[in-house]
Amino acid sequence: MPFETNHSLLNVILQWALILCVISVIGTFVGGVSSLMGGGKRGLSEFFGVISRALSDLILVSPQRIFALATLTTRESVRRKALWIGAVFLVLFMFAGWFIGDSDDTTPAKAYISFVITTIRWMLLPLAVLLSCWGLPADIKDRSLHTVVTKPVRRSEVVLGRIAGYSFVITAILLAVSVVGYAWILRVVPERSQRQLISRVPRFGGMKMLDQNGDAFAGVNVGDMYDLRRFIAGGTKELAMWQFQGLKESDFPNDQSLRLEYAFEAFRSYKGDISTQIEFSIDLVNPETNQRVRLGVQPVNEFSSEIAHDLKENQTENLILIPRSISYLDGETTKTADLFKDLVANGNLNVEIKCLDAAQYLGVSPGDLFVRMPDRSFAVGYWKTIFTTWLMLVLIITIGTTASCILKGPVATLTTFGLLILGVFLKNGLIMRLGKYYSDGGEVVGGGSVEALYRLVSGLNESTPLDESITKTVIETLDSGVYAMLYLAQYVIPDISVFDASIYLANGFDVPLATCVLPSLLITLGFFIPAYIIGYFGLQIRELEAK
Amino acid sequence: MVLGVSISMSAESVVEIRNLTKIYRDFWGRAKVKAVNSLSLEVKKGEIFGLLGPNGSGKTTTLKMLLGLLFPTEGEIKILGKQAHDVSKNERIGYLPEESYLYRFLNADETLDFYGRLFNMSAAVRKERKDKLIEMVGLNYARRRQLKEYSKGMTRRIGLAQALINDPELVILDEPTSGMDPLGTREVKDLILKLRDQGKTVVMCSHLLQDVQDVCDRIAILYGGELKVLGDVKDLLQSKGETQLITSKLDPAAQAEVEAVLKKHGASLHSSSSPVVNLEELFLRTIEESKARPGRRYAPGETPKV
């Protein structure tokens, strides 16, 4: 559940433009050479004619014609009973309450929210694929498209009209089921849990860990296999420090308290008094003046849950409220500090955490402590989630329509589903790991796919190095080709997992712009433009009447 | 469709085809069928030009290459002064395909409205055009019915209407009377003649020879993808060595005198009979008479007036 990214928007756009340019140059070069070889000078001349026409066709499109084609596509989809999917939703919502929700569950909202969003995503996704992959091939098969293209209609307008039409249908269905889903969530979430329907806005800070000498260190490894958290030893000077930036007084109007939310983990090196929780201290430190205010002592929730306890029954657990005016003990004297005047310097504030129980450990990770900015309403997070879902569906429609410009319905469907499956399940798995490994210059134990096959056949285990021979050179060369393809696949296959904002919403967080909404928007746009161009060429160079 | 090579068109030419060849290939690129072979012809402004030929002679392939639905293997096409792949030429062209490939879930009104939008027509113009065309093709009674409920003849009529939605300069008709009853056929033929009178150019292909003979000014006959005959219909059909006289009915004596005169001038009478009307004419007259005299029925022994 990432909230922050170190990618700059400009760099992302530049990288996309670079990839597009490289692919265009390679495509033009290959096309030009093929035309020259196939048709000589005349072939080359024709090729450049096609390219120059394409430029005007792609840009000089008529909105009225696109609208007409989109309207037609919408009618066609309605005729194909696409709207029936809404009825399926209604049935699901009518009976889902029987199966979801447990009166003992402390976070029932999460189950209901996940159900609604997952249902919407996975029911509209096949609809988007089927509509977009079958419409154009059916139109070509029935030859109704032939009558259309004998009018002054550019093939680019056909592609855009189709995408717009399907997007409109899907948008209408999505809006309808989303409204029903929203009302359903509000209705079925028990009243005692209604406060879980919220969009928390976290502000994270950079974290570093300091050892007893005040030097940065990586923390203690207690053998936790997940390696998410590193630990600091209790009763020592070891500490974890978060450096928050950009805190403005204006973000907390009407003297609102600054809220710190945490989710630390305890590691006991001995059992001790199990009924007493391990404790930690919190110090607020001005990064410029080093003025320090100890807020007090807090217990660690040793069985951490994914959702803040204030959203459950007890409103104060895991949440530290810091008033504007803080009273604290300086030796024997009680002093008062103003949060924004004395502790926050130019928007920066350091928070130091120490474990107080000797020989016990406190596990921390960068995301374990954040400033909770003023909450937003559940509706904000919900509709942002619907928006990213909509972007995903538009992306699928774009890919499906493009595929259908080149391929027949079943093949286009298979291609689109294949890309989706890769995008959902493999992007963050095998392909990404292998591609990243290759790009980082790493080596895979046992080699790549060709080497693995060789090892299987020759009965070599993966740790035995291959003999230095021509065979090894050939295998490594082939594997580097496979790696390169996997590396490229990272950029060709859309990362569908980015569009899933339900994890934020279900856990009571607002959907972040930087790591979810904006990447979703950029991925959709990033794929839309090349897909539009490919779809245009797919229709343009295709003889619609070919026997 | 060759770039960099320009065809010089005479001012009157609406369509000019030079050495047009179309070879259909299989998946592996091997030549399968040579549908059109080195075809060259020209269609002049304001004429009705007929492409004739048996099935598989290359008529429809030629029309589809004109429209950019198929790409020529070789040769050049210029249509209304533009290349076949130039989309802007379609602004001035109306096309009726062999089968009316329309959206069956739309009704006549919606169909014409849709095609009107593709020409960027305003709502007012679209309304005016569709009212006029629906009236013209005689579908006013069925304008709200979905096309899937239409008979073949009705579908051809609405297909013809969509071809004329933009008031085109060049009308390309592929088998325009196919599937129509004789009454509809006559109406279509009258319409084609009317279009010519309005200064439009019509290119039609058909294997219904009588239809072509009735309306076309010039024809081309294709066989095996090759041009076999090209010229004015009148010139091609005229028997140069004979003269035909049609008179009111002659008694045998008068006929003998005529033969004597012919003999005197060195000619001979090849045949003499009462003129015969064609079946279409008989059918249409019967229908007209039936409308004028409802209730009249066939009586045994009665000979219809022709």
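**A short note on the interface of chain B and chain A**
Accessible area lost during the coming together of the parts is what is often quoted as the interface size.
For step 1, the next point in the chain: Opposite the 37 residues of chain B that make contact, chain A presents 39 residues.
For step 2, the next point in the chain: Summed over both sides, the interface between chain B and chain A buries roughly 3,400 Å², with carbon and sulfur atoms accounting for 60% of that surface.
For step 3, the next point in the chain: Note that R75 of chain A and E110 of chain B form a salt bridge whose closest N and O atoms lie 3.1 Å from each other.
For step 4, the next point in the chain: For the pair chain B and chain A, the interface holds twelve residue pairs in polar contact (both at pLDDT 80 or more).
For step 5, the next point in the chain: Among the secondary structure elements, those contributing two or more residues to the side of chain B that touches chain A are β1 (13-25), α1 (59-67), α2 (108-118) and α4 (152-163) of chain B.
For step 6, the next point in the chain: Take the side of chain B that touches chain A: its biggest share by element is five residues, from α2 of chain B.

**Focus: the nonpolar core**
For step 1, the next point in the chain: Ranked by size, the top nonpolar core spans 144 residues in total, and within it F114 and I172 of chain B carry the most contacts.
For step 2, the next point in the chain: Once residues lying within four places of it in the same chain are set aside, the contact partners of F114 of chain B are A68, L69, L72 and V148 of chain A together with Y103 and L106 of chain B.
For step 3, the next point in the chain: Core analysis: the second largest hydrophobic core is formed by 37 residues, I232, A266, I320 and V344 of chain A among them.

**Some details on the packing of helix α6 (residues 155-188) of chain A against helix α8 (residues 378-406) of chain A**
Residues and elements named next belong to chain A.
For step 1, the next point in the chain: Orientation of α6 relative to α8, taken along the N-to-C sense of each, is 150 degrees, at an axis distance of 9 Å. Considering the angle they form, α6 stands roughly antiparallel to α8. The two elements α6 and α8 meet at a crossing, and its hand is right-handed.
For step 2, the next point in the chain: Its residues placed into classes, the contact of α6 with α8 shows 19 nonpolar, seven polar and one charged.

**Focus on the sheet that holds strand β14 (residues 360-364) of chain A**
All names here are of chain A.
For step 1, the next point in the chain: Spatially, the three strands line up as an open sheet ordered β4-β14-β7, and their pairing is antiparallel. Edge positions in the sheet fall to β4 (230-233) and β7 (265-268), since each of these pairs with one other strand and no more. On average, each strand axis in the sheet is tilted by 35 degrees relative to the strand beside it, whichever way the strands run.
For step 2, the next point in the chain: Taken together, the four bridges between β7 and β14 define a ladder with antiparallel strand orientation. Residue pairing for β14: E265 is matched across the bridge by G363.

**Some words on the pattern of salt bridges**
For step 1, the next point in the chain: Under the counting rule described, the total for this entry stands at 39 salt bridges over all chains.
For step 2, the next point in the chain: For R259 of chain A, the salt bridge goes to D375 of chain A, with nearest N and O atoms at 3.2 Å. Remark: D375 of chain A occurs in strand β15 (residues 369-377) and R259 of chain A occurs in strand β6 (residues 258-262); sequence separation between them is 116 residues.
For step 3, the next point in the chain: Using a relative accessible area of 26% as the deciding quantity, one classes D375 of chain A as partly exposed.
For step 4, the next point in the chain: Two residues, R218 of chain B and E47 of chain B, come together in a salt bridge whose shortest N-O distance is 2.9 Å. Highlighted residues: R218 of chain B in strand β9 (residues 218-223) and E47 of chain B in the loop between β2 (31-44) and β3 (48-52), separated in sequence by 171 residues.
For step 5, the next point in the chain: For R218 of chain B, a relative accessible area of 11% translates into the label buried.
For step 6, the next point in the chain: Linked by salt bridges that have partners in common, R200, R259, E261, R372 and D375 of chain A make up one network.

**Regarding the domain arrangement of chain A**
For step 1, the next point in the chain: Per the domain assignment, the segments making up chain A are domain 1 (63-199 + 378-426 + 497-547), domain 2 (229-364) and domain 3 (428-492).
For step 2, the next point in the chain: Using only C-alpha atoms to locate each centre, domain 1 of chain A and domain 2 of chain A end up separated by 43 Å.

Rules and cut-offs
- Residue positions are counted from 1 within each chain, in the order its sequence is given.
- Chain labels run from A onward and ligand labels from 1 onward, assigned in the order the entries are written.
- Per-residue local features of the predicted model are confined to residues with pLDDT of at least 70, and side-chain atom pairs are confined, for both listing and counting, to 80 or more; whole-chain, interface and lining totals are unaffected and use all residues.
- Values shown for side chains rest on all heavy atoms present in the structure; no hydrogens or waters enter the calculation.
- The contact criterion used is simple: two residues touch if any of their non-hydrogen atoms lie within 4.5 Å.
- Values labelled buried area give the accessible surface lost by two parts on being combined, using a 1.4 Å probe and summing over both.
- What counts as a salt bridge is simple: a side-chain nitrogen of Lys or Arg found within 4 Å of a carboxyl oxygen of Asp or Glu.
- We call two N or O atoms a polar contact when they sit within 3.5 Å, provided that within protein one can donate a hydrogen and the other can accept it, with sequence-adjacent residues counted only if both atoms are side-chain atoms.
- Helix and strand assignments follow DSSP, with helices taken as H or I runs no shorter than four residues and strands as E runs no shorter than two, numbered in order from the N terminus.
- Among buried residues, the Ala, Val, Leu, Ile, Met, Phe, Trp, Tyr and Cys ones that are joined through side-chain atoms within 4.5 Å form a nonpolar core.
- Only protein chains enter the accessibility calculation, which uses a 1.4 Å probe; a residue whose area is less than 20% of its type maximum is buried, one above 50% is exposed, and one in between is partly exposed.
- Only the stretch in contact is used when fitting a helix axis, every axis being a line fitted to C-alpha atoms; angles between N-to-C directions are given from 0 to 180 degrees.
- Between 65 and 115 degrees an angle is taken as roughly perpendicular, under 35 as roughly parallel, over 145 as roughly antiparallel, and anywhere else as oblique.
- By convention the crossing between two helices is left-handed if the near helix lies anticlockwise of the far one by an angle smaller than a right angle, and right-handed if it lies clockwise.
- All residues other than Ala, Val, Leu, Ile, Met, Phe, Trp, Tyr, Cys, Pro, Asp, Glu, Lys and Arg, Gly among them, are scored as polar; the first ten of these are nonpolar and the last four charged.
- Should DSSP find at least two bridges between two strands, the strands are regarded as paired.
- The domain boundaries here were taken from an automatic or database domain assignment.

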